Amino acid sequence: MLATASITEEIAELKRARRAIILAHHYQDPEIQDLADAVGDSLELARKARAFEGDVIAFCGVWFMAETAKVLNPERIVIVPDRDAGCSLVDSCPAGKLREWKAKNPGYAIVSYINTSIEVKAESDILCTSRNAVNIVNSIPAEQPILFVPDINLGNYVREQTGRADMKIWQGACIVHATFAARKLSRARSEHPSALVAAHPECPGDVLAMADFIGSTSAIIDWCAAQNASEFIVMTESGVRHSLEKLAPEKTFHFIPNEQCNCSECPYMKRNTLEKLRDALRNLSPRVDLSPELIERARRPIDRMLAVQ
Ligand code: 13P
Ligand code: SF4
């Protein structure tokens with residue numbers, strides 16, 4: 001406890017000295033969320049990164065999110081507590097393989113989920129997040145065929161919501177959400193019959209079919225807080241519990257263990273710790289460094305997304 005208090009003070013001091021802001025995703029540990037200037041989902045954090053004034057962005061999330069912040073703030077230093085805070089969706093879609101797919105499908109527009117590498121973003125026509133994916137696809141003329149990368153579950157959900165027939169989907173998946181099982185959700189529903197179900201669109205279709213609400217991390221939090229119900233089954237990473245309980249302390253939230261780790265934690269997000277955040281602020285490393293050419297190419301699809309939603 002004392003150690004945590006002194007690390008928190010060190011971080012506050014370094015933050016002042018560096019003129020830094022701390023951005024944290026909802027999947028970070030509570031002690032990181034509590035000292036962040038802003039906590040949000042991937043879209044909100046992309047926006048916050050753009051609005052912020054200062055010299056350093058300490059991004060407590062995963063690497064692709066920090067890369068997005070760097071593209072939007074090329075003149076600022078962007079650091080991440082742990083360089084290995086990656087993402088299975090990013091790993092599933094290497095830029096070289098995407099270029100091969102594009103070459104086989106000329107005339108298709110590339111819609112990329114924000115959970116992609118900066119090189120994949122640079123190959124894309126427009127980006128989306130779990131919050132705005134349906135709106136983004138709806139913003140594209142109906143006759144334009146689409147390649148959607150890399151999340152198969154989000155892609156299937158968007159195709160169903162938009163009715164787009166000519167939309168091919170990459171076969172990537174999130175190791176946390178894609179391994180939530182409908183059978184475990186059914187069991188939880190019979191144990192908690194009055195609970196409403198909220199799910200992230202990276203979950204499999206049979207899980208989404210049982211959900212009362214489907215949305216991004218922040219959308220799930222806001223929806224649960226706004227409902228009259230007092231009990232919820234939440235099909236996303238358990239880091240959101242912290243914001244849910246802060247916003248709606250009188251409500252009960254159940255999280256279902258997935259088939260991957262028998263928990264509902266993202267192992268990449270959980271690599272970040274207070275100690276690593278302090279060290280990153282002290283050393284200004286690990287730091288996101290991108291070439292001006294890559295920043296320019298990746299910025300276009302990000303700006304197009306931000307203009308739509
Ligand atoms: P959000 O867009 O809801 O923040 O999701 C990002 C993510 O990595 C989900 O696993
Ligand atoms: Fe990637 Fe899944 Fe972790 Fe989100 S929860 S960062 S999609 S591995």
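Rules used throughout
- Residues numbered from 1 in each chain as written.
- Chains lettered and ligands numbered in written order.
- Predicted model: local features only at pLDDT ≥ 70, side-chain atom pairs only at ≥ 80, totals over all residues.
- Heavy atoms only, no water.
- Core = buried A, V, L, I, M, F, W, Y, C linked by side-chain atoms within 4.5 Å.
- Buried < 20%, exposed > 50% of the residue type's maximum accessible area, 1.4 Å probe, protein only.
- Helix = DSSP H or I, 4+ residues; strand = E, 2+ residues; numbered from the N terminus.
- Contact = heavy atoms within 4.5 Å.
- Near = heavy atom within 4 Å.
- 1 Å grid on protein atoms, 1.4 Å probe; cavity = no way out; pocket = protein on both sides within 12 Å on 5 of 7 lines; lining within 4 Å.
- Sits in = over half its atoms within 2 Å of the grid points.
- Nonpolar A, V, L, I, M, F, W, Y, C, P; charged D, E, K, R; others polar.
- Points joined across faces, edges and corners; volume = space filled by probe spheres on them.

Chemist: Would you take a moment to explain the nonpolar core for this structure?
Modeler: Across soluble globular proteins, you tend to see nonpolar side chains buried next to one another. In terms of nonpolar packing, the biggest core is built from 85 residues, with F59, V111 and M235 touching the most fellow members. Counting residues per element, this core draws most heavily on helix α4 (residues 63–72), at seven residues. Not counting residues up to four positions away in its chain, the partners in contact with F59 are L23, L45, M65, A66, A69, V78, I79, V80 and P81. L14, I32, I79 and L277 belong to the second-largest nonpolar core, a separate cluster that totals 18 residues.

Chemist: How do you make sense of α4 when you look at a structure like this?
Modeler: At 3.6 residues per turn, the α-helix brings residues three or four places apart onto the same side. For α4, the tally of buried residues reaches 10 of 10 residues, placing the bulk of the element in the interior. Where α4 is concerned, the buried positions are W63, F64, M65, A66, E67, T68, A69, K70, V71 and L72.

Chemist: Looking at this model, I keep getting lost on the site of ligand 2. Mind explaining?
Modeler: Around ligand 2, the neighbouring residues are Y27, V62, C87, S88, L89, N115, C174, V176, E202, C266 and Y268. In this structure, ligand 2 is accommodated by the largest cavity. Counted by class, the shell around ligand 2 contains eight nonpolar, two polar and one charged residues.

Chemist: Hey, could you run me through empty space enclosed by the protein in this one?
Modeler: Rolled over the atoms, a probe as big as a water molecule pinpoints where empty space is left. Here the structure, examined in full by the defined rule, presents two cavities of 30 Å³ or more. One number sums up the size of the largest cavity: a volume of about 250 Å³. Y27, C87, N115, E202 and M269 are, among the 25 residues lining the largest cavity, the residues nearest its centre. Going through the elements one at a time, α4 and α5 (88–92) are the ones with two or more residues in the lining of the largest cavity. There is about 40 Å³ of room inside the second largest cavity. Forming the walls of the second largest cavity are S42, L45, A46, F59, M65, T68 and I114. Tallying contributions element by element places helix α3 (residues 42–51) first for the lining of the second largest cavity, with three residues. The class makeup of the residues in the lining of the second largest cavity is five nonpolar, two polar and no charged.

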